[in-house]
Every structure is written in C-alpha cells, then in structure tokens.
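Here's the letter readout for the chains.
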Amino acid sequence: MLWPRLAKALFSRPVTDAPPAVPDVVVEALVQRLEAAGQARLGRSLAIRQVDCGSCNGCELEISALGNVVYDLERFGLKFVASPRHADVLLVTGPLTRNMRQALERTWACTPEPKWLVAVGDCATDGGVFKGSYAIEGGIGEALPVDLVIPGCPPTPTQLLEGLLALLEAQASG
Amino acid sequence: MSASEPTGAQPAPARPRAAGAAATIRAGRQQACRPYPRFLLEAGQWRGLVVALRDDPTLELLGLWAEAGLVHAAFHQPNEGLLLASVAVAERHYPALSPVRPGAIRFERMVHDLWGHVAEGGTDARPWLDHGRWAASAPMSARPPAVTTPPPQPEFLGAEGEGVHQIQVGPVHAGVIEPAHFRFHVQGETVVRLEARLGYLHKGTLALMLGKSPRLAARFAARLSGDSTVAHSWAFATAAEQALGVVVPPRAVLLRAIAAELERLHNHLNDWGAVCGDASFVWPQARCGVLREGVLRAAALAFGHRLMMDLVVPGGVARDLAPGGTAAIRAALAAVAQELPGLQRVYESHASLQDRVVTTGTLAPALAAAFAAGGFVGRASGRGFDCRKLPGYAPYNTMAFTVPVQVAGDVDARLQVRMAELHQSLALVESLLARLAPGPLKLDLPQAGGEGVGLVESFRGEALHWMQLDDGGLIRAVFLRDPSWLQWPLLEAAIEGNIVADFPLCNKSFNCSYSGVDL
Ligand code: SF4
C-alpha cells in the first residue's frame, strides 16, 4: 500500500539538501556578459533543454540526478523541458561530435531569444580526453557562443547547481 | 501479474563437446592470446566456419571487429568459455557472418565504417557509425580516403500496409538521454517496425587508444559508457594484465569488485525507479533516487569519485578505500536493503503499474538466444549467462551467489531480474568488505608485447575487451565491446506490436548504452 508511506513522508524530515552557495565571481562574470551583449533578461525561472553532443553519459547521469528529491532542481524555478522551443537555456555536454554538430546548431536555432548556452563537463569545454580525435569538433564553443562553462568529469550535481543558480542570480542583479 | 520467483543459477548440463563450429575454429593456427585462444583461419576455413555456424547454433557470436588487414570475431561456447577467430582481409573483403549470426550485422557495418573492410554476402551494407561527416572515411584504415561529398540521407527499412505511417524521433530527445534517431512505422497506435540509427556519439575512441600504453589508454575505456565506467575499466585492465601475464594484488581485486557491485546497485536502482516513473508511477522513482544518491555519496567518500571513474587501472586500483569508506558503504547499503522489500510490494500491488509492465515489450527467448543477449535483457528471456559465474573470474569464482533467470521476457521480467540482482549485489558487497585485508594496490606493468582478453559483467551484461600490445608495451590494436551491441537490435523486436506510448517504458527497461556502441 502506498498511502501509509505517503502519509509517513508528510511527517518526516525532508531529504532535500540545502542549496549550495553561489560563487560571486561567476555571477559577476555572467552579469558582465549579459550587459555587454545587451541581452534581455529572463525571469527568476529558467527552462532548460539538455543536449548530449557526444557525452559518455556520465554527465547525463549527474544532470539527471539534479531532478531527484535530494537536489530537487525545481524548487529553484529551474526545470527541464522537452523542446528547445520552450527553453531559455541549452545545457550541452560532450566534445561535440561531428555527427551531432548539425543537430546542435538546429536545436540552438529553435531556441527563442533571449537564451543562454551552458557547456557542461570537460568534454564540452574543450574536447576533454577526446581532444585531437577525427570525430569531434573539440568542445561546444567550436560551434556556438558559450555563456557559462561548468567543468568536471563529470561535474557533481552540486557543482551543476552552483552554475545554474549563478545564472539565476545574474538575471536578478543589476 | 507474473511475480514468479527468480529461479536461481542455470545448472550446467553435461553436453557433448560441440564438434561443428568450434572445431572449425580450432583447426586454424593458434595465436598467443590469453586467457582465451585465438585462431587465425585461412579464407577457406573461414568460409567453412560460416557453414558450420549455420548448422551449429550453440556457438554464440559475442563480437566482431577489425584492424588493418584482419577481421576478428569472439565466440562463446556455453559452459566452456570464449574462442576467438581471425581472418585476413583479401582486397578489402572477408566472408560475412551476418547470414548465420544476426548479431553480426551491426558489427559488420561498423567494421566497414571504421576500417573499410567489406563483409562479402552480408545482410546489411548500409553505413552505421559513418554519417558522412568526417573528413575521411574508414578513419582507422591505412590510408583513409578524403570525403568530398555532402552527408547522404540515411536509408531506413520500410514497412507496408494499410494506413502505415512514420514517426521520426531524435537525435535530440525530449528527456535527458543520449542521442539517436528512432524511425517508427506505425499502424494506428501500433508499432509495425522500429529502426534505431545510432552513431551520433562516435568520438573516435579506438583510434585515440592506439600507440598509447594501457595505463594512458585506460581513461578512454573508463569513458566508453560513463554508467559502466568501473566494469569497462576492469575489463580493459584485465585484457592488459592478461596480455602481460600480470596478476593483480588480492586487495585490488576485492576493491574492484566492491566498486563494480556499487555500480550495479546505483544503475539498477536508477533504472528500476525510472521504469516505474515512465509508467507515470513516480513514488518508486523518488525513493530509488534517494537510495541511489546514498550509494553515489558513499562511493564518493570511499573512492573519491561518485561514479568511481579511473579507479580501476591496469595493474590494480588507483586509490585505496578512504578511511570511513567502509562505514559509508555499509550505511548506504543498509538503507537500500531496508527499503527494497517495500518497493517491491508497492510495485506488485498496484494494478495501474502492473498493467503497464506485464506483457509489455516482450522479447522471445529464441531471439535472446540467437543474439546472445547478455545482462538482464538476456536473463529476463531465459538466457542465464553471467560471466561472473561462467567462465568466472576473481573474486566471484570463490563467492556464493545465484543468477536470477526469468522467461517471460517482458518489462516486468526485466525489472524482476534487476530487483533480484540488487539483493545479490547487497550481499556480495557485504562479504567483499568482510574479506578485505591490507595489502598492495597495484603493480607496475612490464613494457612488453602480448595479447589479452578481458571479460567483466557490467550491470548491462558482459563487457568484452581485447587488446594487442607491441614489444614496447603500446597498444597496436584494441576493441571495446559494450554489451549493448547485442541488445539494441532486440529492442526493435521487443517493441513490435506494442503501442507507441509504451516505447519509453520498453526503451528504459532495456536501457542500452548509446555511447558504449557508438565508440
Ligand atoms: S566530461 Fe567526463 S563524464 Fe562528462 S561526458 Fe566527458 S568524459 Fe563523460
């Protein structure tokens, strides 16, 4: 029976972690970027579309973990959406394989302005361990302008959350 | 509902030694490969092998790959072990195995795309990994020809009938998953044919490994499929250690197995919950998410990385269990053990959930056998292969555990197998921790030549790695075979006749690796 378990959960302590501290330097850099580009601001809620461009799926595991009740991404107004047309942010992983480049470019083109591009993981930063391969472009920046990089192999959910919260802060300040 | 109990390990029946196909291979010239022999066949012998394979269904094809001038195949003789066969490529051609082993189809397409070797008489000659977007085709051949034409439109297999139409999905999907293109032919709500097109994640992994030492190349094996990083690292390390005749210290063996079982646990929890979630029953997914997070945090504390990447290295393990690691693992696993029975009860007692999983996405045992499907996909359809048991490897060959097998082959059966394996892994970790004794963690590898095979059971099935080292101890040829190679084609069979809306459920219940097969 599910009901007793649900009732019990109502009276037990939440398993959700406290939010991580947001690094000021990252927020500052994002604000500057926003101003330099004269970009319109988004609200206190961001819709995220994840695009895997050659990941080993390690990054996806940690991005998916953001949705579990321990990290509970949605409490911050951050949520994953099914279509780039609904997205404010593309969260992109992988060294950008040649076989995915066109799909990424089309996804970006489908995402309405204003929009952010976040590169997640060492692969997305510069190709990571796959640097120099015939099959990759060598990082997301090779195809599109990247606003924020969250390094790591893979970055932990906490590191991901820090980056995404910095993005929210940057929208709110200034 | 079909809550049949797991039936335990399949007994090893005494079977007369298969004369046919295996004997044909053994007639070739034996090469120095450990621990399983490899035989170099003449072209005529290889043709004979194709005939023998047709007459002798017991010899299972596990993989097919190549190097410049040669094609290699790995076979499994049930209850005996592995057997490798090679043939020289003559004027770019070699006789295809796909007419007698359907599992060979995608391998042959991959071999063509990477090395340019053509499978003569093969049943499917369409490109696989090569989408026409690389600067040169056959990038691993001696002289890759430059590509001058724009990428071709992919061809898909058709389906005919009244009102048949297509649904095209991907490569970018609606969820946080890996990219692939799925082409459905549907009639009303019913799937008539599904064809998956992969290759979007091709990173050129194998080419990057050539000319490197096993130590340096290990990080590529660790990133073949991030969710099975421990198992792939272990299979790769084993191949190197076999090639060099190195025996790793006992503490390293135990730590590897602890990490591998933690990996199995976090993946099984993730997917077991996610299948329930895909049936819109989110409570088990929420609970599994908490339990899995506990396992990952324990892994981070014990081994310094949540997914335990780069922990297993050729020669041993890179890091020791951190102080407090044992206690953290025990605490996380105690939480899992406490909650599993309740999760299973909820799963079994909700008709709305059972209605979605029972008789959905059924994979017939005959197909699972024909493709030699490993892991829970095979074990839920009657194929009880688990390489921890047979051929077996340390430390599992001295441990008691059973291999759960079901025969229904539906989404429910795959979940039942995974639930049973969760219990097995909990017990295995406990006894592995109890056996730990102080000792060295790794050995230096000699700089020498050799050839070796590594076979390690990942949560999905057996990871099969092969490598050849030159006299300086550098990799001159290598292949990393994820178990998903033999499971992806079966997903296409399992979805047939189901409704489109059940695809996410079926897909998740298989959970094949995209990156693992895209190389
Ligand atoms: S950064 Fe690391 S975890 Fe992420 S996709 Fe690349 S190899 Fe995998």
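Residues numbered from 1 in each chain as written. Chains lettered and ligands numbered in written order. Predicted model: local features only at pLDDT ≥ 70, side-chain atom pairs only at ≥ 80, totals over all residues. Heavy atoms only, no water.

### Structural notes on the overall build of chain A
A count of helical and extended segments in chain A gives six helices and five strands. Going residue by residue from the N terminus, the α and β elements of chain A occur as α-α-β-α-β-β-α-β-α-β-α. For 174 residues, the compact-globule formula gives about 16 Å, and the C-alpha radius of gyration of chain A, at 17 Å, lands near that figure. Along the first, second and third principal axes, the C-alpha set of chain A runs to 55 × 40 × 30 Å. For chain A, with 174 residues in total, the buried portion stands at 55%. In chain A, the share of contacts with a sequence separation of at least 24, taken over all contacts with a separation of at least 6, comes to 85%. Carbon and sulfur atoms provide 56% of the accessible area of chain A, an area that totals close to 7400 Å². Between the mean site of the 15 positive side-chain charges and the mean site of the 19 negative ones, chain A shows a separation of 7 Å. (Helix = DSSP H or I, 4+ residues; strand = E, 2+ residues; numbered from the N terminus. Rg over C-alpha atoms; globule rule 2.2 N^0.38 Å. Buried < 20%, exposed > 50% of the residue type's maximum accessible area, 1.4 Å probe, protein only. Contact = heavy atoms within 4.5 Å. Areas by Shrake-Rupley, 256 points an atom, 1.4 Å probe, with all protein chains shown as cover. Lys, Arg positive; Asp, Glu negative; His and termini not counted. Charge placed at Lys NZ, Arg CZ, Asp CG, Glu CD.)

### Let's talk about the overall build of chain B
The secondary structure content of chain B amounts to 17 helices and 15 strands. Taken over the C-alpha trace, chain B has a radius of gyration of 22 Å; the compact-globule value for 519 residues is 24 Å, and the two agree within 12%. When its C-alpha atoms are laid out on the principal axes, chain B stretches across 65 × 60 × 50 Å. Relative to its 519 residues, chain B shows a buried fraction of 61%. Counting only contacts in chain B whose residues sit at least 6 apart along the sequence, the fraction spanning at least 24 positions is 69%. Between the mean site of the 46 positive side-chain charges and the mean site of the 47 negative ones, chain B shows a separation of 6 Å.

### As for the sheet that holds strand β3 (residues 89–93) of chain A
Residue and element names in this part refer to chain A. A sheet is described by the order of its strands in space; here five strands give the open sequence β2-β1-β3-β4-β5, paired in parallel fashion. Edge positions in the open sheet fall to β2 (78–80) and β5 (148–150), since each of these has one partner strand only. Across the sheet, the axes of successive neighbouring strands diverge by a mean angle of 30°, strand direction being ignored. Note: strand β1 (residues 46–52) against β3, five bridges, orientation parallel. Bridging from a neighbouring strand, Gln 50 pairs with Leu 91 of β3. Most of the contacts of helix α3 (residues 58–65) go to β3, to which it runs at about 140°, and overall it touches β1, β2, β3 and β4 (116–120). (Pairing = 2+ DSSP bridges. Axes fitted to C-alpha atoms, helices over the stretch in contact; angles between N-to-C directions.)

### Regarding the interface of chain B and chain A
Contacts between the two partners involve 53 residues from chain B, matched on the other side by 49 residues from chain A. Summing the contributions of chain B and of chain A, the shared interface buries around 3900 Å²; its carbon and sulfur component is 62%. Across the chain B-chain A interface, the total number found is two salt bridges. For A:Asp17, the salt bridge identified is with B:Arg297, shortest N-O distance 2.6 Å. (Buried area = accessible area lost by both parts, 1.4 Å probe. Salt bridge = Lys/Arg side-chain N within 4 Å of Asp/Glu carboxyl O.)

### Let's talk about the site of the ligand
The environment of the ligand is formed by A:Ser55, A:Cys56, A:Gly58, A:Cys59, A:Gly121, A:Asp122, A:Cys123, A:Gly152, A:Cys153, A:Pro154, B:Arg223 and B:Met309. More than one chain reaches the ligand: the nearby residues come from chains A and B. Taking a 2 Å distance to the grid points as the criterion, the majority of the atoms of the ligand fall inside the largest cavity. Taken together, the elements giving at least two residues each to the shell around the ligand come down to α3 and α5 (121–126) of chain A. (Near = heavy atom within 4 Å. 1 Å grid on protein atoms, 1.4 Å probe; cavity = no way out; pocket = protein on both sides within 12 Å on 5 of 7 lines; lining within 4 Å. Sits in = over half its atoms within 2 Å of the grid points.)

### Here we look at the confidence of the model for chain B
Looking at chain B as a whole, its pLDDT mean stands at 94, while 96% of the residues score no less than 70. A low-confidence stretch, residues 1–18 of chain B stays under pLDDT 50, and its non-local contacts, those more than four residues away or across chains, total 34 contacts. (pLDDT = per-residue confidence, 0-100.)

### Considering the packing of helix α7 (residues 250–278) of chain B against helix α16 (residues 503–510) of chain B
Residues and elements named next belong to chain B. Remark: α7 packs on α16, axes separated minimally by 9 Å, with the N-to-C direction vectors making an angle of 175°. Between α7 and α16, the angle is such that the two are roughly antiparallel. For the pair formed by α7 and α16, the contact residues are Asp 271, Ala 274, Val 275 and Asp 278 on the first element and Pro 504, Leu 505, Lys 508 and Ser 509 on the second. Looking at the contact of α7 with α16 residue by residue, the classes come out as four nonpolar, one polar and three charged. (Parallel < 35°, antiparallel > 145°, perpendicular 65-115°, else oblique. Nonpolar A, V, L, I, M, F, W, Y, C, P; charged D, E, K, R; others polar.)

### Here we look at the domain arrangement of chain B
Residue and element names in this part refer to chain B. Here the domain parsing of chain B yields domain 1 (21–120) and domain 2 (208–518). Computed over C-alpha atoms only, the centres of domain 1 and domain 2 are separated by 26 Å. Each side of the interface is counted separately: domain 1 has 25 residues, and domain 2 has 29 residues. Broken down residue by residue, the surface that domain 1 buries against domain 2 is led by Arg 34, Leu 62 and Arg 106, which jointly contribute 27%. Here Glu 67 ties to Arg 476 by a salt bridge, and the two come within 2.9 Å at their closest N and O atoms. On the surface where domain 1 and domain 2 come into contact, there are nine residue pairs in polar contact (both at pLDDT 80 or more). (Domains from an automatic or database assignment. Polar contact = N/O pair within 3.5 Å; in protein donor to acceptor, adjacent residues only side chain to side chain.)

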